[in-house]
Structure formats: structure tokens, C-alpha cells
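# Breakdown of the fold
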Amino acid sequence: NAGVTQTPKFQVLKTGQSMTLQCAQDMNHEYMSWYRQDPGMGLRLIHYSVGAGITDQGEVPNGYNVSRSTTEDFPLRLLSAAPSQTSVYFCASSSDRNSGNTIYFGEGSWLTVV
Amino acid sequence: TQLLEQSPQFLSIQEGENLTVYCNSSSVFSSLQWYRQEPGEGPVLLVTVVTGGEVKKLKRLTFQFGDARKDSSLHITAAQPGDTGLYLCAGALSFGNEKLTFGTGTRLTIIP
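What comes next concerns the included structure.

Turning next to the overall build of chain B. Check the secondary structure of chain B and you find 0 helices and 11 strands. Reading chain B from its N end, one meets helices and strands in the order β-β-β-β-β-β-β-β-β-β-β. A compact globule built from 112 residues would reach a C-alpha radius of gyration of about 13 Å, and chain B, at 13 Å, matches this within 12%. Its C-alpha atoms give chain B principal-axis dimensions of about 40 × 30 × 20 Å. Residues classed as buried in chain B amount to 49% of the 112 residues present. Total accessible area computed for chain B in this model is approximately 5100 Å², and 51% of it derives from carbon and sulfur atoms.

Residues and elements named next belong to chain A. Within the element layout of this structure, Ser 87 appears in strand β9 (residues 87-94). Engagement of the side chain of Ser 87 in a polar contact is seen with the side chain of Asp 38, the distance being 2.8 Å. Not counting chain neighbours up to four residues away, the residues in contact with Ser 87 comprise Arg 36, Gln 37, Asp 38, Ser 109, Trp 110 and Leu 111.

Residues and elements named next belong to chain A. Inspection of every chain in the model, using the stated rule, returns 11 aromatic pairs over all chains. With 5.8 Å between their ring centres and 45° between their planes, Tyr 35 and Phe 105 make a pair best called tilted. One end of the pair, Tyr 35, is in strand β4 (residues 31-38); the other, Phe 105, is in strand β10 (residues 104-105), and 70 residues separate them in sequence. Pair check on accessibility: Tyr 35 and Phe 105 agree, each one buried. Taking the centre distance of 6.5 Å and the plane angle of 80° together, the rings of Phe 90 and Phe 105 count as edge-to-face. Highlighted residues: Phe 90 in strand β9 and Phe 105 in strand β10, separated in sequence by 15 residues.

Using a probe with the size of a water molecule, rolled over the atoms, empty space left in the structure can be pinpointed. Put simply, the largest pocket is a space of about 370 Å³. Around the largest pocket, the lining is made up of 22 residues, and of these Gln 37, Pro 39 and Gly 40 of chain A together with Leu 86 and Arg 107 of chain B lie nearest the centre. Those elements giving two or more residues to the lining of the largest pocket turn out to be β4 and β9 of chain A together with β9 (85-92) and β11 (106-111) of chain B. When its residues are assigned to classes, the lining of the largest pocket shows 9 nonpolar, 9 polar and 4 charged.

Once that is clear, we can look at the state of the cysteines. The full count for this structure, using the stated rule, is 2 disulfides over all chains. Between the sulfur atoms of Cys 23 of chain A and its disulfide partner Cys 91 of chain A the distance amounts to 1.9 Å. Sign of the S-S torsion, about -75° for the bond between Cys 23 of chain A and Cys 91 of chain A, identifies this disulfide as left-handed. Placement of the pair is Cys 23 of chain A in strand β3 (residues 19-25) and Cys 91 of chain A in strand β9, with a sequence separation of 68 residues. Take Cys 23 of chain A and Cys 91 of chain A: they sit in the same class, and that class is buried. The disulfide partner of Cys 23 of chain B is Cys 89 of chain B, and the S-S distance across this bridge is 2.0 Å. Measuring the twist about the S-S bond at about 75°, one finds the Cys 23 of chain B-Cys 89 of chain B disulfide to be right-handed. Here Cys 23 of chain B, found in strand β3 (residues 19-24), pairs with Cys 89 of chain B, found in strand β9; they are 66 residues apart in sequence, far enough to count as distant. Given the relative accessible area of 0%, Cys 89 of chain B is considered buried.

The rules behind each value
Residues numbered from 1 in each chain as written. Chains lettered and ligands numbered in written order. Predicted model: local features only at pLDDT ≥ 70, side-chain atom pairs only at ≥ 80, totals over all residues. Heavy atoms only, no water. Helix = DSSP H or I, 4+ residues; strand = E, 2+ residues; numbered from the N terminus. Rg over C-alpha atoms; globule rule 2.2 N^0.38 Å. Buried < 20%, exposed > 50% of the residue type's maximum accessible area, 1.4 Å probe, protein only. Areas by Shrake-Rupley, 256 points an atom, 1.4 Å probe, with all protein chains shown as cover. Polar contact = N/O pair within 3.5 Å; in protein donor to acceptor, adjacent residues only side chain to side chain. Contact = heavy atoms within 4.5 Å. Phe/Tyr/Trp six-rings, centres within 6.5 Å; stacked < 30°, edge-to-face > 60°. 1 Å grid on protein atoms, 1.4 Å probe; cavity = no way out; pocket = protein on both sides within 12 Å on 5 of 7 lines; lining within 4 Å. Points joined across faces, edges and corners; volume = space filled by probe spheres on them. Nonpolar A, V, L, I, M, F, W, Y, C, P; charged D, E, K, R; others polar. Disulfide = S-S within 2.5 Å.

Given below as C-alpha cells:
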């Protein structure tokens, strides 16, 4: 029962470096999203996708790119890492856009930008 | 601007006591969810409420959605150490959960 799998779990980047956080789900869910969690801020939506080939911006999209070439995968790319992007990143999925459906979160990716 | 305010931010009580956590907003939500998050893990959905005035119970946890769908509360009866964690409320402004707005969270510690 893999659910939502995120890699890597921990990453340290230097300012200006780029990297990709991977997210995969094995539940055939249409909807996937990325959040970042910062102390005292709750979770904030970065980007989301309602199906393969469709992505849209959330609340805090600047500095991040996403793509959804398959139903299973939804990678998050940091184009040029900045210290302000130090955070815990969570990927989530659910079966469709019905707000009554359960949203499943991954275990998180801890990113530090120095 | 934080759409969802949770209170209290921190709460530490003795095992066996009761507690209530609040989630308030000036916005109307089509649905509201409560999550619990433990250290090193992602949030786990506890409940979804969709109707104004709705009350849902999950063992010792009681969730209520305000009549105007702007606020919600979580009441825990006879708290146990296993209830320790970060409790998050999240609201959907429109039908469909692609844009959930999360509250700032209540960190609950139950002292044995």
C-alpha cells in the first residue's frame, strides 16, 4: 500500500541550484497537488493538477514549475533555489475534485536552501 | 491574509480532560476538513463537513460546522496521549478540493 510517495525525504541545496521533488501515487487519482508547510503558516498550495496534461497555479507558485505527463507522477521543480524556499513540501492526491473525497498526503520532503 | 484562523495555537492538557479547538473565518466554505499531523508525517484526514450546522462524531472527537459555514470546532472528550499532534482545519471556497485553504494549526499535547 504505497499511496503517495515522495522523494527525496531530505535535501540540502545551495542558492541558485535547481532540483526536482518527485511525487508518485498508485491509486489512479486524477487530482494531485503540492503544498509547502512553514512554521505558523499552515500549508499553502503551490500548484495543482486535475488530470494528466492539466496544471494550474495555487497560492504561492513563484519559483516552482510542475508538469503532469502521466496520471501517476507530479514532479515539482525548483528552478533556482532561494533560502525563502526552505520548507517542508507535501504532495497530495485524491480521486477527483469532489470536496468530500479523502485527500492523501505523502510523508513530506524537507528542503533546506543555504 | 490568513483566511482560516485556528485557536488556540498551542494547547497542553492532562490526560482525561476535555478540550475544544476552533477554526474561524470571515469567508463561507463549501466544505471544511480536519486533519491530524504527527511529526515527520503528512496530514491525515479525520473528517469532512459539508452542511451548515452539521455535527460528526469520530469516537471521542466531535466536529461541528457552523450554521453559516464560516467556522468549525473540534471537541475531544477525555483526551488521551495518542491524541497528541498538530490539528489542521482546511476549507474549500468552492465545490471541488483543488484549492484547499489551511488554517495555521493547533499543536496539542496530552500529558499522561
